[in-house]
Amino acid sequence: MGTENKLKVLVCGGGNGAHCLAGLSASNPDVETRVLTLFADEAERWSKILQDNDLIVTMVNSDGSSREIKSKPTLVTKDPKEAASGADVIFLVVPAFAHEQYFREISPFVGDNTLIVGLPGQAGFEFQCLYMLGEKAKTCIVMSAESLPWACRILEFGRLVQILGFKETLGVSKLQGSQSNVKGSPFDTVQKVLGPKPVLREIQNYIAVNLMAKSIIHPPLMYGKWSSYDGTPLKEKPLFYQGVDEKQAKLLSGVSDECIAIGKAIEKQIPGIDMSEVIHIFDWYLAYYADQITDKTNLMTAMQTNKAYDGLLHPMKEVENGQFVPDFSYRYTAEDVPFGLVVMKGIGELAGVATPVMDEIITWAQGKLQQEYMMGSQLSGKDVSKTRAPQRFGFKSVQQLFDV
């Protein structure tokens, strides 16, 4: 196939997921793959490595065997014009806090009928994307995946990445601009880039995806563990998920209950809107980790006995004498509050739903982050502009969320 007929794909990012997607995408002969990484000198280093090496993706099968795919992206650059011009699909495979930088750099070069995919999008992705693209958003399709498609890790930067496991299915939402004229199914296009697994599942309602973002999990567990912490260093790092106690499970369940209440309020206010995708976090665990949970009695036991969480520890910083204190600058707080709970709280405010459990956690977290998102029970602090709450982007009612 000539270059002019190939699907032109841009992968934004230089981390584990970006390496993985770049390798899988570039292995498809019908796809031209470019990579844009804005971090430090990553693009230069990666380009230099690819002069003499392929990008190798190794996949570990369930029986312990492995196979590998060798490929080479057409371009790795930090020049947004070179990267984004003419791209048919743009994947953002970076943490939520980095989305704004990439949007700012690529927006001038995004063409009509481009698919823009958050992989994953995380809460508020669509709000930020529409805001940054402005009028151009009307000609694009914005898609948001609920999580990364794989568990993966870089073994050697620029050259070797390992996929430890594929998700069977992946929920993806779609917001189609009123003036877009994309040929074919955007889901088929994204599936072509990812390969056969995971199988994409269309989620009809993008607000439901925001209320089910996995950033719901970490802040309640951090708050439950450390809200009464006196600052004494610990001799070892505590287990994160497998160390969940009744207090933490109750907080997480409470946040999940509030998200469900927001969904039900939206259904009542906007005729025809289906929020059934917003389910309790315990039901989500039972659906997504059915084969890996040993004790399914309740949310606490499900998290404690989930094999996928074996050995995962709290984010900690080492201090004197090899002891540890909690790291509140880690993404579990620094990302999952302004790009997670605050977004859900913001949707709740628009729907007129009180969220006392979220409020308690956000108020504690903003103190640790030295930010001000909330004043009392209202999302009116001076640092809301640093979050992805819908209020930051000018949304004033639930109806406006569905008029985009």
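Keep in mind the model is a prediction, meaning the values are calculated, not measured.

(A) Representation of the nonpolar core within the structure. By size, the foremost hydrophobic cluster in this structure holds 91 residues, and its most contacted members are Ile 217 and Tyr 285. Sort the elements by how many residues they give to this core and helix H9 (residues 246-269) lands first, with nine residues. Grouped together as the second largest cluster of nonpolar side chains are 39 residues, Ala 18, Ala 43, Val 117 and Val 172 included.

(B) Seen up close, the layout of surface pockets. Space inside the second largest pocket adds up to approximately 380 Å³. Lining the second largest pocket are 19 residues, and of these Leu 130, Ala 137, Lys 138, Asp 403 and Val 404 lie nearest its centre. Only helix H5 (125-133) and strand E11 (169-176) provide two or more residues apiece to the lining of the second largest pocket. No other element matches the three residues that H5 contributes to the lining of the second largest pocket. Broken down by class, the residue content of the lining of the second largest pocket amounts to 10 nonpolar, six polar and three charged.

(C) Layout of the pairing of strand E3 (residues 55-60). Most of E3 is tucked away: five of the six residues are buried. In this sheet, strand E4 (residues 66-71) lies alongside E3 in antiparallel orientation, the contact comprising six bridges. Following the sheet pairing, Leu 55 is matched in E4 by Ser 71. Bridge analysis of E3 against strand E10 (residues 160-166) gives four bridges, and the strand direction is parallel. Counterpart to Val 57 in the pairing with E10 is Val 161.

(D) Empty space enclosed by the protein, seen in detail. As enumerated under the stated definition, the model contains one cavity of 30 Å³ or more in all. Approximately 50 Å³ is the volume found for the largest cavity. Around the largest cavity, the lining residues are Gly 121, Gln 122, Ala 123, Glu 126, Ser 144, Ala 145, Glu 146, Val 209, Asn 210 and Ala 213. The set of elements that each furnish at least two residues to the lining of the largest cavity consists of strand E8 (141-145) and helix H7 (206-211). Taken together, the residues of the lining of the largest cavity break down into four nonpolar, four polar and two charged.

(E) Focus on the packing of helix H4 (residues 96-106) against H5. Where H4 meets H5, the axes come as close as 10 Å, and the angle between the chain directions of the two elements is 25°. Accordingly, the angle class assigned to the pair H4 and H5 is roughly parallel. Here H4 and H5 pass one another in a crossing that is right-handed. Residue-level contacts link His 99, Glu 100, Phe 103 and Arg 104 of H4 to Phe 125, Gln 128, Cys 129 and Met 132 of H5. The residue makeup of the contact of H4 with H5, split by class, is four nonpolar, two polar and two charged.

(F) Focus on helix H6 (residues 186-194). Most of H6 sits out of view: seven of its nine residues are buried. Of the positions making up H6, those classed as buried are Pro 186, Phe 187, Thr 189, Val 190, Gln 191, Val 193 and Leu 194. Where H6 starts, the residue carrying a side-chain oxygen 3.1 Å from the main-chain nitrogen of Phe 187 turns out to be Ser 185. Positive backbone phi, approximately 100°, marks Gly 195, located one or two places after H6.

(G) Spatial organisation of the packing of aromatic side chains. Considering all chains together, one arrives at 18 aromatic pairs under this definition. Measuring from ring centre to ring centre gives 5.8 Å for Trp 284 and Tyr 289, while their planes differ by 75°; the resulting arrangement is edge-to-face. Exposure remark for Trp 284: the relative accessible area of 8% places this residue in the buried category. Note on Tyr 289: relative accessible area 18%, which makes it buried. With centroids separated by 6.1 Å and ring planes inclined at 80°, the aromatic side chains of Tyr 285 and Tyr 309 adopt a geometry described as edge-to-face. Taken together, the residues Tyr 285 in helix H10 (residues 281-288) and Tyr 309 in the loop between helix H11 (299-304) and strand E13 (316-318) connect sequence positions 24 residues apart. For the residue pair Tyr 285 and Tyr 309, the accessibility class agrees, reading buried in each case. An aromatic cluster is built from Phe 240, Tyr 241, Trp 284, Tyr 285, Tyr 288, Tyr 289, Tyr 309, Tyr 330 and Tyr 332, whose rings are joined through pairwise contacts. A cation sits over an aromatic face here: Arg 45 above Phe 157, 4.2 Å from the ring centre. The ring of Trp 226 carries Lys 225 above its face, with NZ or CZ at 5.6 Å from the centroid.

(H) Seen up close, the side chain of Asp 327. Structurally, the position occupied by Asp 327 is in the loop between strand E14 (324-326) and helix H12 (331-334). Buried and unpaired, Asp 327 has no salt bridge, with Lys 317 as the nearest side chain of opposite charge at 4.4 Å. The residues touching Asp 327, leaving out its near neighbours within four places in the chain, are Met 222, Pro 315, Met 316 and Lys 317.

Quick notes on the rules
- Residues numbered from 1 in each chain as written.
- Predicted model: local features only at pLDDT ≥ 70, side-chain atom pairs only at ≥ 80, totals over all residues.
- Heavy atoms only, no water.
- Core = buried A, V, L, I, M, F, W, Y, C linked by side-chain atoms within 4.5 Å.
- Buried < 20%, exposed > 50% of the residue type's maximum accessible area, 1.4 Å probe, protein only.
- Helix = DSSP H or I, 4+ residues; strand = E, 2+ residues; numbered from the N terminus.
- 1 Å grid on protein atoms, 1.4 Å probe; cavity = no way out; pocket = protein on both sides within 12 Å on 5 of 7 lines; lining within 4 Å.
- Points joined across faces, edges and corners; volume = space filled by probe spheres on them.
- Nonpolar A, V, L, I, M, F, W, Y, C, P; charged D, E, K, R; others polar.
- Pairing = 2+ DSSP bridges.
- Axes fitted to C-alpha atoms, helices over the stretch in contact; angles between N-to-C directions.
- Parallel < 35°, antiparallel > 145°, perpendicular 65-115°, else oblique.
- Left-handed = near helix turned anticlockwise from the far one by under 90°.
- Contact = heavy atoms within 4.5 Å.
- Polar contact = N/O pair within 3.5 Å; in protein donor to acceptor, adjacent residues only side chain to side chain.
- Phe/Tyr/Trp six-rings, centres within 6.5 Å; stacked < 30°, edge-to-face > 60°.
- Lys NZ or Arg CZ within 6 Å of the ring centre and 35° of its normal.
- Lys, Arg positive; Asp, Glu negative; His and termini not counted.
- Salt bridge = Lys/Arg side-chain N within 4 Å of Asp/Glu carboxyl O.

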